[in-house]
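A look at the structure
Chain by chain, the residues:
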Amino acid sequence: MKTKHILLLFVLLLTMAGCKKDPQEIFNEEKSGVVLICNEFYYDVALADGEHFYFSGIASDGSLEGLTTDLSEIKKNPAILNGTGFFIDKTGRILTNRHVVAPEIDKETVRKNMNSIIEGYAEYIQSLQDSMDQRYQAIQEYAQSQLYEDEWGETQLNMTQEEYDQLNAEVESLKEQYAQAENIKENVRSNILDNNFTIQLHSQFGIAYDGSKVGSWDDFMKNDCTLLRVSQDSNSDLALLQLNSKTTPAGKYVFDYTQFDADYADLKITQSLYMIGYNQGIELAQTDNGINAQFTTGTVSQNPDGNRVVYSIPAMHGSSGSPVVDDKGRVVAVNFAGSNGSDNFNFGIPLLRVITFLK
C-alpha cells in the first residue's frame, strides 16, 4: 500500500513538473505565431481653404519631416515603423501596441509649424505689397517733380502723352495687384490653425512571418492587414489588427488569452518570463535564412500594480507588441515600453487589461 502511494506521488510530481516547458521548446512552438509588423504612414492636415499639407513626422529640431502639398510625393516617401504582434485566434486577429499602428504626434508642435509657414507666406505677400507701394510712391514723386507753372501761372506736366499714359497704366496695375494680394493675404491668414484642428493619420499595414524572406514593402503587403481598433485607455497601449484574409494561416501558433487564471496571472518577484519579438525590427531580424524572431529572458522586477508589469527582459525598438510568456508558455503580458537609459528594465501590459480590451 505504501508503495502505491509513493508511485502516485511520483506520478503527480512528474505531472506538475511537466507543466513547465524548456525555453527552447517554448520558442520552437510559439515563434510561428509572432509576426513582424510594418506600418507605412503619413499625416495629413487640411486647411480652411481646402488645401492639404502632408508630412511624415517631427524631426529632432522640431520641424515637420517630408512636408509637402503633393499627395503623390508623401506616398512615395512615407514614414516606416516596425513592431511586433501575435495571433490571438484563428480569424487572423493580431494583438500589438497602439503606438506601433497609430503613432501619436505632438499636436501643438504641428500647429506651431503650420502657423509659422502660413504666417511666413502672409509676410511674403506683405513684402510684395510693400514693393508695390514703394513703386507707387516713386511714380507719384516723379510725377510731382515733373509739374511746373507756365508763364500764365498755370500748372503743366513736363512729360509726353505717351510717358503719361504708361505711368498711369502702371499705377492702375499696381492698385489692382495690391488689392489682389490683399485678398490672397487675408485668405492665407484665414488658415491659421486654432487648438481644435485635426491631424489625419494614413497607414498601411503588412506583416511577415518568422523564417520568411523580406526584401521590400511588397513582401509585407503579401499579408496585408486592417486596423480594427485601438484602446482608448491611456494605461492600455493596445491595438488590434486583422489579416485581410480573415484567416490565420495553417500551422501558425495562436496565443490563447481567454483562460484567465488568477494563480498564474498574479506574477511574483523573480518569476521567470520570456519574450518573443523583433528587436530593432527588420534591421536585426534579417538573416540569410529569412527574418528570425528573438527569444529573450528575464524576471519580474517589481510587484505588478495592475497597469504594468516591470521585468528585466532586454528589449529595443521593434519589440513593442511582443508576447511575454511564463515558463509554461502562457501569455501573461504584452511588451510596450522600456525604461529611459536602460534596455534591461521594460514594461508589459498585464493579461487582465488585455482581456478587458478584447471583450
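These remarks concern the structure in this document. Since the model is a prediction, treat every value here as computed from it, not as a measurement. (Residues numbered from 1 in each chain as written. Predicted model: local features only at pLDDT ≥ 70, side-chain atom pairs only at ≥ 80, totals over all residues. Heavy atoms only, no water.)

1. So, the overall build of the chain
Spelled out, the test is: In DSSP terms, a helix is any run of H or I states spanning at least four residues, a strand is any run of E spanning at least two, and both are numbered starting from the N terminus. The quantity called the radius of gyration is restricted to C-alpha atoms. Its globule counterpart is 2.2 Å times the number of residues to the power 0.38. For every residue, the accessible area obtained with a 1.4 Å probe (protein chains only) is divided by the maximum for its type, and the residue is called buried under 20%, exposed over 50%, and partly exposed between those limits. A contact between two residues is defined here by any heavy atoms of the two lying within 4.5 Å. Computed with the Shrake-Rupley method and a 1.4 Å probe, the accessible areas treat only the protein chains shown as cover for residues. By the counting scheme adopted, Arg and Lys are positive, Glu and Asp are negative, and His together with the chain ends is not counted. By convention, charge coordinates are those of NZ in Lys, CZ in Arg, CG in Asp, or CD in Glu.
Assigned secondary structure in the chain consists of 10 helices and 19 strands. Relative to the compact-globule value of 21 Å for 359 residues, the chain shows a C-alpha radius of gyration of 33 Å, a clear excess of over 25%. Principal-axis analysis of the C-alpha atoms places the extent of the chain at approximately 150 × 40 × 35 Å. The buried share among the 359 residues of the chain stands at 41%. Looking at the chain alone, contacts between residues at least 24 apart form 68% of all its contacts between residues at least 6 apart. Entry remark: accessible area of the chain is about 19,600 Å², with carbon and sulfur atoms responsible for 50%. Of the charged side chains in the chain, 28 are positive and 50 negative; the average position of the first set lies 22 Å away from that of the second.

2. Let's talk about unusual backbone geometry
The residue Lys246 is not glycine, and still its phi comes out positive at about 60°. Looking at where Lys246 falls in the secondary structure, it is placed in the loop between strand 11 (239–243) and helix 8 (262–265).

3. Section: a nonpolar patch on the surface
In plain terms, the rule: Nonpolar side chains (Val, Leu, Ile, Met, Phe, Trp, Tyr) within 5 Å and like charges within 9 Å form the patches, drawn only from residues with over 30% relative accessible area and no salt bridge. By definition, a salt bridge exists where a carboxyl oxygen of Asp or Glu is found within 4 Å of a side-chain nitrogen of Lys or Arg.
Together, Tyr121, Tyr124, Leu128 and Ile184 make up an exposed nonpolar region whose accessible area comes to about 400 Å². It is helix 5 (residues 107–145) that contributes the most residues to the nonpolar patch, 3 residues altogether. Structurally, Tyr124 can be placed in helix 5. Residue class for Tyr124 comes out partly exposed when judged on its relative accessible area of 48%.

4. Observations concerning the side chain of Gln146
Structurally, Gln146 can be placed in the loop between helix 5 and strand 7 (147–149). The contact partners of Gln146, leaving out residues within four places of it in the chain, are Gln156, Leu157, Asn158 and Met159.

5. Quick look at the packing of aromatic side chains
Cut-off, in case you're wondering: Side-chain rings of Phe, Tyr and Trp, where Trp is taken by its six-membered ring, are said to pair if the distance between their centres is within 6.5 Å; with planes under 30 degrees apart they count as stacked, over 60 as edge-to-face, and otherwise as tilted. Should the NZ of a Lys or the CZ of an Arg lie within 6 Å of a ring centre and within 35 degrees of the ring normal, that charge is described as sitting over the ring.
Under the counting rule described, the total for this entry stands at 9 aromatic pairs. Ring plane angle 80° and centroid distance 5.8 Å describe the contact between Phe41 and Tyr43, whose orientation is recorded as edge-to-face. Residues Tyr42 and Tyr54 carry aromatic rings whose centres are separated by 6.1 Å and whose planes lie at 80° to one another, so their mutual orientation is edge-to-face. Placement of Tyr42 in strand 1 (residues 34–46) and of Tyr54 in strand 2 (residues 52–55) is noted, with a sequence separation of 12 residues between them. In this structure, Tyr42 and Tyr54 share a single accessibility class: buried. Among the aromatic residues, ring-to-ring pairing joins Phe27, Tyr274 and Phe295 into one connected group. Over the ring of Phe197 we find Lys107, and its NZ or CZ is 5.0 Å from the ring centre. Here Arg308 stacks its cationic end above the ring of Phe347, 4.4 Å away from the centre of that ring.

6. As for the pairing of strand 11
Applicable threshold: Two strands make a pair as long as DSSP finds a minimum of two bridges between them.
Taken across its 5 residues, strand 11 has 5 buried, putting it largely inside the fold. Judged by which residues are buried, strand 11 turns out to be covered on both faces: Ala239, Leu241 and Leu243 on one side and Leu240 and Gln242 on the other are all buried. By the bridge criterion, 4 bridges tie strand 6 (residues 93–96) to strand 11 in an arrangement that is antiparallel. When the sheet's bridge partners are listed, Ile94 is paired in strand 11 with Leu241.

7. What about the nonpolar core?
Most often, soluble globular proteins keep nonpolar side chains buried together rather than apart. Threshold: By nonpolar core we mean a set of buried residues, namely Ala, Val, Leu, Ile, Met, Phe, Trp, Tyr and Cys, connected to one another through side-chain atoms within 4.5 Å.
By size, the foremost hydrophobic cluster in this structure holds 35 residues, and its most contacted members are Phe86, Leu95, Val354 and Leu358. Among the secondary structure elements, those contributing two or more residues to this core are helix 2 (23–30), strand 1, helix 7 (217–220), strand 12 (272–277), strand 18 (331–338), strand 19 (346–350) and helix 10 (351–358). Top element by residues in this core is helix 10. It accounts for 5 residues. Leaving out residues up to four positions away in the same chain, Leu95 has contacts with Thr84, Gly85, Phe86, Ile88, Leu238, Ala239, Leu240, Gly321, Val334, Val354, Phe357 and Leu358. Counting residues in hydrophobic clusters, the runner-up holds 23 residues, among them Phe41, Leu174, Val188 and Leu193.

8. Focus: helix 2
Because the α-helix completes a turn every 3.6 residues, residues three or four places apart line up on one side. Basically, it comes down to this: Picture the helix axis, draw a direction to every C-beta atom, and the arc is the one those directions span. Polar contacts, as counted here, are pairs of nitrogen or oxygen atoms within 3.5 Å of one another; within protein the pair requires one atom able to donate a hydrogen and one able to accept it, and residues that are adjacent in sequence qualify only if both atoms are side-chain atoms.
For helix 2, the complete set of buried residues consists of Ile26, Phe27 and Glu30. Viewed along the axis of helix 2, the buried residues span an arc of 95°, placing them on a single side of the element. Contact partners of the buried residues in helix 2: strand 1, strand 12, strand 15 (294–299) and strand 17 (323–325). The N-cap of helix 2, judged by a side-chain oxygen 3.0 Å from the amide nitrogen of Gln24 a few residues on, is Asp22.

9. Quick look at the pairing of strand 5 (residues 79–87)
On a regular strand, one side chain projects to one face of the sheet and the next to the other, so that they alternate. Burial analysis of strand 5 places 7 of its 9 residues in the buried class, which makes it a mostly covered element. Where strand 1 meets strand 5, 8 bridges bridge the pair, whose relative direction is antiparallel. Within the sheet, the bridge partner assigned to Phe41 lies in strand 5 and is Ala79. In this sheet, strand 6 lies alongside strand 5 in antiparallel orientation, the contact comprising 2 bridges. Within the sheet, the bridge partner assigned to Phe86 lies in strand 6 and is Leu95. Adjacent in sequence and paired antiparallel, strand 5 and strand 6 are bridged by 5 residues, among which Gly92 carries a positive phi angle near 80°.

Honestly, that's just the spatial picture; any functional story needs more than this.
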